[in-house]
Number of protein chains: 2
Amino acid sequence: MKKPDFDDSFCNGLTQLLEWRRDVRHFKTTALPDGLLDTLLDLACLAPSVGNSQPWRFVLVEDDNTRQAIRENFQRANSQALEGYDGDRARLYASLKLEGMDKAPVQLAVFANEQTEQGHGLGHQSMPEMLRYSAVLAVHTLWLAARAYGVGLGWVSILDADEVSKTLAVPEDWKLVAYCCIGYPEQEDDTPELVKLGWQDRQADCRKVLKR
Amino acid sequence: MKKPDFDDSFCNGLTQLLEWRRDVRHFKTTALPDGLLDTLLDLACLAPSVGNSQPWRFVLVEDDNTRQAIRENFQRANSQALEGYDGDRARLYASLKLEGMDKAPVQLAVFANEQTEQGHGLGHQSMPEMLRYSAVLAVHTLWLAARAYGVGLGWVSILDADEVSKTLAVPEDWKLVAYCCIGYPEQEDDTPELVKLGWQDRQADCRKVLKR
């Protein structure tokens with residue numbers, strides 16, 4: 001294939017993509033057009049992976065009862081999390097909408113196969129977490145690709161992960177990495193909802209660079 | 001800011017970016033132009049993070065002795081990894097170049113601050129790994145941005161991570177997520193080196209979707 005040239009116009013577009021990529025919790029119920037989810041999953045599979053192990057595994061959650069079980073899992077984990085806050089912070093936490101399972105037309109669980117033989121163990125003997133990190137890279141690739149196509153993604157992490165695995169009856173060696181709500185967003189924004197609602201501003205600490 | 005329109009031309013460019021993003025181990029020694037690393041780190045800080053906790057922490061490794069200590073760390077971890085292979089697979093493993101520390105002009109360690117108060121704990125009480133995953137998302141953002149600007153990145157994971165933390169004298173609560181070699185690649189390719197050298201092909205298992 002011909003070597004691509006990423007010009008200024010593309011680089012500016014990429015910056016905008018990163019600026020406008022949001023964690024979406026408010027979805028329209030509109031279905032994705034036929035084939036779009038396949039396109040996005042094909043792109044996700046271009047993600048880097050340790051030893052080229054490609055350890056991501058996708059589970060599409062379609063059954064209403066199964067979705068309900070996952071939503072109840074979230075509600076229990078979220079109630080438990082709320083108990084850790086007091087006063088104004090607790091009130092603010094309770095007011096946040098932290099998942100879009102009520103409306104998102106697509107719900108996708110992403111797992112890492114921690115026992116895959118693909119990649120022949122390369123690169124994760126001293127850092128076994130690299131297989132899970134590779135699945136994280138696939139989720140992020142999916143997220144950015146979705147945004148480019150006008151589709152929003154919300155990563156739900158307030159869950160008992162082992163219970164999700166049981167509910168979805170996946171192989172024992174699969175570890176839940178992300179539960180993704182996917183669909184068209186009700187609104188588009190370049191400011192994170194947690195900034196707008198006063199939970200956590202962007203800040204400069206993370207941009208400092210230590211030198212050694 | 002005005003809502004961007006990601007048109008077909010941008011989406012095609014993004015697909016090419018994902019196809020041509022490689023894990024680079026062969027670097028030119030050419031320095032990056034002034035300001036480019038700052039631009040890339042600014043973009044990396046647009047990565048998603050759990051609760052907007054922005055837990056990534058960057059350490060630029062510049063000192064020759066420090067670089068040498070990290071390289072020796074790699075060599076020990078790599079020798080140990082090699083012991084796990086036999087016969088042809090061992091010979092092939094030994095022939096692979098798995099890091100670019102010999103030439104890469106920029107070496108950047110990325111950590112997750114596991115005790116950050118930013119984000120106020122949101123989203124990682126039931127899945128504490130979300131802070132590390134957020135730092136992974138920053139590395140991937142940096143990686144894609146770098147590629148768009150013609151710069152290669154190689155993620156070295158064959159390391160004793162705790163020893164890297166000691167060598168770099170980072171705060172106790174920081175967990176190493178990635179050690180990145182960064183610079184202009186000697187070659188550009190849309191095929192992973194591990195595919196070309198016969199270690200691990202792309203395969204279709206990871207693209208299957210279970211339905212539940």
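Position numbers for residues start from 1 in each chain and track the written sequence from start to end. Chains carry letters from A onward and ligands carry numbers from 1 onward, assigned in written order. Under the rules for a predicted model, residues below a pLDDT of 70 receive no local features and side-chain atom pairs below 80 are neither given nor counted, while totals for whole chains, interfaces and linings still include all residues.

Trainee: I keep staring at the relation of the copies chain A and chain B and nothing clicks. Help me out?
Mentor: In this arrangement, two copies of a chain are superimposed by a rotation about an axis accompanied by a shift along the axis. Here the copies were fitted onto each other by least squares, based on C-alpha atoms from residues at pLDDT of at least 70 in both. Between chain A and chain B, the superposition needs a rotation of 180 degrees and an axial shift of 0.0 Å, giving an RMSD of 0.0 Å. A rotation of that kind, with that shift, is consistent with a two-fold axis.

Trainee: What exactly am I supposed to notice about unusual backbone geometry here?
Mentor: Leaving glycine out, the prevailing phi sign among residues is negative, and the prevailing peptide bond configuration is trans. Residues and elements named next belong to chain A. The phi dihedral of Ala169 is positive, around 50 degrees, even though this residue is not glycine. Looking at the secondary structure, you find Ala169 in the loop between α6 (161-168) and β4 (174-183). Between the buried cut of 20 or more and the exposed cut of 12 or fewer other C-beta atoms within 10 Å of a residue's own C-beta lies the partly exposed class, and all C-beta atoms are placed from the backbone. Judged by the 10 C-beta atoms lying within 10 Å of it, Ala169 falls in the exposed class. Segments assigned H or I by DSSP are reported as helices when at least four residues long, segments assigned E as strands when at least two residues long, and all are numbered from the N terminus.

Trainee: Just to check I follow, could you spell out the environment of A:Glu72 for this structure?
Mentor: All names here are of chain A. Checked against the element boundaries, Glu72 lands in helix α3 (residues 64-82). For Glu72, a count of 12 C-beta atoms within 10 Å corresponds to the exposed category. When the C-alpha positions of Glu72 and Leu159 are compared, they lie 9.3 Å apart, and in sequence the two are 87 residues distant.

Trainee: Help me understand the interface of chain A and chain B, please; the structure alone is not making it clear to me.
Mentor: It is common to report an interface's size as the accessible area lost on association of the parts. Listed per partner, the contact involves 78 residues of chain A and 78 residues of chain B. Counting residues per element, the ones that place at least two in the side of chain A that touches chain B are α1 (8-20), α2 (36-44), β1 (56-60), α3, α5 (130-148), α6, α7 (193-196) and β5 (209-211) of chain A. When residues in the side of chain A that touches chain B are grouped by element, the largest group, 10 residues, is from α1(A). In the side of chain A that touches chain B, the residues fall into 42 nonpolar, 22 polar and 14 charged. We call two residues in contact when the distance between their C-beta atoms, placed using the backbone, is within 7 Å. When residues are grouped by polarity, Ala, Val, Leu, Ile, Met, Phe, Trp, Tyr, Cys and Pro land in nonpolar, Asp, Glu, Lys and Arg in charged, and all others, Gly among them, in polar.

Trainee: Explain the nonpolar core here, please?
Mentor: Within soluble globular proteins, side chains that are nonpolar generally end up buried alongside one another. Buried Ala, Val, Leu, Ile, Met, Phe, Trp, Tyr and Cys residues form a nonpolar core when they are connected through C-beta atoms within 7 Å. In this structure, A:Val110, A:Val139, B:Val110 and B:Val139 are the most contacted members of the largest nonpolar core, which totals 119 residues. When near neighbours in sequence (up to four residues on either side) are disregarded, B:Val139 contacts B:Val110, B:Trp155, B:Val177, B:Ala178 and B:Cys180.

Trainee: Mind showing me how you'd approach the sheet that holds strand β1 (residues 56-60) of chain B here?
Mentor: Sheet strands pair via backbone hydrogen bonds, and the direction of the pair is either parallel or antiparallel. With mixed pairing, 5 strands are arranged side by side in an open sheet as β5(A)-β1(B)-β2(B)-β4(B)-β3(B). In this open sheet, the two edge strands, each paired with only one partner strand, are β5 of chain A together with β3 (152-156) of chain B. Across the sheet, the mean angle separating the axes of adjacent strands is 30 degrees when strand polarity is ignored. Strands qualify as paired when DSSP identifies two bridges or more between them. Whenever a helix is involved, its axis is fitted only over the stretch in contact; in every case the axis is a line through C-alpha atoms, and angles between N-to-C directions fall within 0 to 180 degrees.

Trainee: I would appreciate a short explanation of the environment of B:Val209 in the present structure.
Mentor: As for its position among the elements, B:Val209 is in strand β5 (residues 209-211). For B:Val209, a count of 12 C-beta atoms within 10 Å translates into the label exposed. Those residues in contact with B:Val209, other than ones at most four positions away along the chain, are A:Leu41, A:Phe58 and A:Leu60.

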